[in-house]
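Structural features, examined
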Amino acid sequence: MTPDGATDPRRDLFFIVRAIAFIGLLAFLIWLAGDVLLLLFAGVLMAIFIDGIARWINAHTPLRRGASIAGALLGLLLLFVVVGIYSAPEVTEQVTQLSQELPRSVDNLHQQLDKHSWGKALLAQVPSASELRSPGVGLVRKATGALSSTVVVMARTLLILAIGVFITIQPQLYRNGVLRLIPIRKRARAAEIITA
């Protein structure tokens, strides 16, 4: 404070700059951890889903909790296998049909563009049908990108499933761990929220 009771403008400016820097750093860290937080949230939702199925099995059969969880997981696995078996032939047929139709469509596009003067400039940007059929570098790069994207999706799905299974098997362990991160005076309310 200055002698006349007013605050020092440099001190206020320093406080504002520190607050903006802190908020920016916090937003950056949340942005960096966004994928991890989303995976954890999806894992918690998967745990709730598996637990719901296990509770239903437990209520309608004489099985205990562990066997009910195993039954829920086996049921989900069986569901995915059945869907995969029934959809695989259709997907294979569609991929084969696409591989036959795509070169024809590209040839038609080349013929239509070749009729116009402005279209000839675009022909340099569109691959020809022979380039699509041959294992070109661009096509291989796109296929590799699609494969890596598929692998990432599969890995994330397995991670979400693993998180869900671990939380379903020992929910109290993870619940108590989260509660220990919360200040003691607010733990009772946090416990109510987590239970709900």
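In this report, we go over the structure that sits alongside the text. (Residues numbered from 1 in each chain as written. Predicted model: local features only at pLDDT ≥ 70, side-chain atom pairs only at ≥ 80, totals over all residues. Heavy atoms only, no water.)

Bringing the packing of helix α2 (residues 34-60) against helix α3 (residues 65-114) into the picture now. One way to put it is that α2 packs onto α3 with a least axis distance of 8 Å and a crossing angle of 115 degrees. Crossing handedness for the pair α2 and α3: right-handed. Facing α2, whose interface residues are Phe-49, Ile-50, Asp-51, Ile-53, Ala-54, Ile-57 and Asn-58, α3 presents Arg-65, Ser-68, Ile-69, Gly-71, Ala-72, Leu-73 and Leu-76. In terms of residue class, the contact of α2 with α3 is made up of nine nonpolar, three polar and two charged. (Axes fitted to C-alpha atoms, helices over the stretch in contact; angles between N-to-C directions. Helix = DSSP H or I, 4+ residues; strand = E, 2+ residues; numbered from the N terminus. Left-handed = near helix turned anticlockwise from the far one by under 90°. Contact = heavy atoms within 4.5 Å. Nonpolar A, V, L, I, M, F, W, Y, C, P; charged D, E, K, R; others polar.)

On to the packing of helix α7 (residues 171-180) against helix α8 (residues 187-195). Contact geometry of α7 with α8 gives a least axis separation of 10 Å together with a crossing angle of 145 degrees. Crossing of α7 over α8 shows right-handed handedness. Only Arg-187, Ala-190, Ala-191, Ile-194 and Thr-195 of α8 make contact with α7, whose side of the interface consists of Arg-175, Val-178, Leu-179 and Arg-180. The residue inventory of the contact of α7 with α8, partitioned by class, reads five nonpolar, one polar and three charged.

This brings us to the side chain of Ser-68. Along the chain, Ser-68 turns up in helix α3. Ser-68 sits in the buried class, given a relative accessible area of 0%. There is a polar contact of 2.9 Å between the side chain of Ser-68 and the backbone oxygen of Arg-64. Residues in contact with Ser-68, not counting those within four places in the same chain, are Ala-54, Ile-57, Asn-58 and Leu-63. (Buried < 20%, exposed > 50% of the residue type's maximum accessible area, 1.4 Å probe, protein only. Polar contact = N/O pair within 3.5 Å; in protein donor to acceptor, adjacent residues only side chain to side chain.)

Taken together, the side chains of Phe-22, Ile-23, Leu-26, Ile-30, Val-36, Leu-37 and Leu-40 make up a nonpolar region of the molecular surface, amounting to roughly 680 Å² of accessible area. Mapped by element, the contributors of at least two residues to the nonpolar patch are α1 (9-32) and α2. Counting residues per element, the nonpolar patch draws most heavily on α1, which supplies four residues. Mapping Ile-30 onto the fold places it in helix α1. (Patch = residues over 30% accessible without salt bridge, like charges linked within 9 Å, V, L, I, M, F, W, Y side chains within 5 Å. Areas by Shrake-Rupley, 256 points an atom, 1.4 Å probe, with all protein chains shown as cover. Salt bridge = Lys/Arg side-chain N within 4 Å of Asp/Glu carboxyl O.)

Turning to the pattern of salt bridges, a few remarks are in order. If you walk through the whole model with that rule in mind, you get four salt bridges. When the shortest N-O distance is used, the salt bridge between Arg-156 and Asp-35 registers 3.6 Å. With Arg-156 in helix α6 (residues 137-169) and Asp-35 in helix α2, this residue pair connects regions lying 121 residues apart in the sequence. For Arg-65, the salt bridge goes to Asp-51, with nearest N and O atoms at 2.9 Å.

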